[in-house]
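Listed below, chain by chain, are the residues.
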Amino acid sequence: MPTDFLFDGPEDARVTILLAHGAGAPMDSASMNATTKVLAGAGFRVARFEFGYMAARRGGERRPPPKAEKVMPEYVAAIDDLGPTSGPLIIGGKSMGGRVASMIADAEFAADRIAGLLCLGYPFHPPGKPTQLRTAHLLELKAPALICQGTRDEFGGRYEVGEYGLSDEIELFWLEDGDHDLKPRKAISGFTTAQHLQAVADKVTEWVGRIAR
């Protein structure tokens, strides 16, 4: 079944970003919409898609999220269905979507199909289970990667992630007091969600300028 995409941003953008959603929310969740808006505003062509279980939920089926390994082929199929882009392709996503992208990134990078990986709130471990790490494949990652993470993300905060020994190809961009949706508490941090998302867009622009010439 062909992948259904939701497109934002200029059709003739030099760089396309393909994003998948998190485990519990669809591709048009408030968080995904807000992030996509700022990335599109920065001049990127953003394509979003849903894994089969989430698409089935739209039809009324109550499907739980499968293991990330189970939907890896769906992400590869989405790249296939997207077809040739006008320039470099970055893959990634929100939480689980970014994790799945990270699990196929090296093979796709080696095949010269992608230029890099963008993760928005990476789920380094389940909340409250800091020893159940989802980082084995990130220790030797070869594809250039940018992980945008809130410092108080319950799936992996600043100080614990610093101990993981991640690949040198991974650049971490920390957002002060951000949660798993990168949202800060303004009264505590002084930042708004809009400011954090704009900072993400600015960082992605700078990073892409270095890795996708």
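Structure: see above.
Scope of this entry: the structure provided in the associated data block.

Here is what the cut-offs are and how they apply
Residues numbered from 1 in each chain as written. Predicted model: local features only at pLDDT ≥ 70, side-chain atom pairs only at ≥ 80, totals over all residues. Heavy atoms only, no water. Core = buried A, V, L, I, M, F, W, Y, C linked by side-chain atoms within 4.5 Å. Buried < 20%, exposed > 50% of the residue type's maximum accessible area, 1.4 Å probe, protein only. Helix = DSSP H or I, 4+ residues; strand = E, 2+ residues; numbered from the N terminus. Contact = heavy atoms within 4.5 Å. Polar contact = N/O pair within 3.5 Å; in protein donor to acceptor, adjacent residues only side chain to side chain. Expected span 1.5 Å × (residues − 1). Pairing = 2+ DSSP bridges. Axes fitted to C-alpha atoms, helices over the stretch in contact; angles between N-to-C directions.

Within the largest apolar cluster, 35 residues are counted, with the highest numbers of intra-cluster contacts made by L18, F51, Y75, I79, I91, L117 and F124. By residue number, the principal contributor to this core is helix α4 (residues 96–110), which donates 5 residues. Leave out the neighbours within four places in its chain, and L117 touches I90, I91, G92, G98, A101, S102, A105, L141, P144, A145, L146 and W207. Among the nonpolar cores identified, the runner-up in size contains 24 residues, and A115, L118, L120 and F173 belong to it.

Attention shifts here to the environment of E154. Structurally, the position occupied by E154 is in the loop between β6 (145–150) and α5 (158–161). Considering only alpha carbons, one finds E154 and F124, 30 residues apart in sequence, at a separation of 9.2 Å. When sequence neighbours within four positions are dropped, the list of residues in contact with E154 reads H125, P126, P127 and G128.

As for its placement among the helices and strands, T3 is situated in the segment before β1 (6–8). Residue class for T3 comes out buried when judged on its relative accessible area of 18%. At 2.8 Å, the side chain of T3 forms a polar contact with the side chain of D81. Beyond its immediate chain neighbours, meaning those up to four positions away, T3 contacts F49, A77, A78 and D81.

Take helix α1 (residues 30–41) next. Side chains that are three or four residues apart share a direction in an α-helix, a result of its 3.6 residues per turn. Helix length check: α1, at 12 residues, gives a terminal C-alpha distance of 16 Å against a target of 16 Å (1.5 Å per residue), a fit within 8%. The secondary structure elements touched by the buried residues of α1 are β1, β2 (16–20), β3 (45–49), β4 (89–94), β5 (116–120) and α7 (193–211). Within two residues after α1, G43 carries a phi angle of roughly 100°, on the positive side.

Moving on to the side chain of D177. Relative to the assigned elements, D177 resides in the loop between β7 (170–175) and α6 (186–189). On the basis of relative accessibility, which here comes to 7%, the residue D177 falls in the buried class. The contacts of D177, once residues within four sequence positions are left out, are T151, R152, K183, P184, R185, I188 and S189.

Positive phi outside glycine occurs at D112, with the angle close to 60°. With respect to the helices and strands, the residue D112 is situated in the loop between α4 and β5. One non-glycine residue, L182, lies in the positive phi region at around 70°. For L182, the location among the structural elements is in the loop between β7 and α6. On the basis of relative accessibility, which here comes to 4%, the residue L182 falls in the buried class.

So, on to the sheet that holds β3. Read from one edge of the open sheet, 7 strands run β1-β3-β2-β4-β5-β6-β7, paired in mixed fashion. Sheet topology places β1 and β7 at the edges, where each strand pairs with a single neighbour. Averaged over neighbouring strand pairs, the angle between their axes works out to 20° when direction is ignored. As defined by bridge partners, β4 adjoins β5 across 5 bridges and the pair is classed as parallel.

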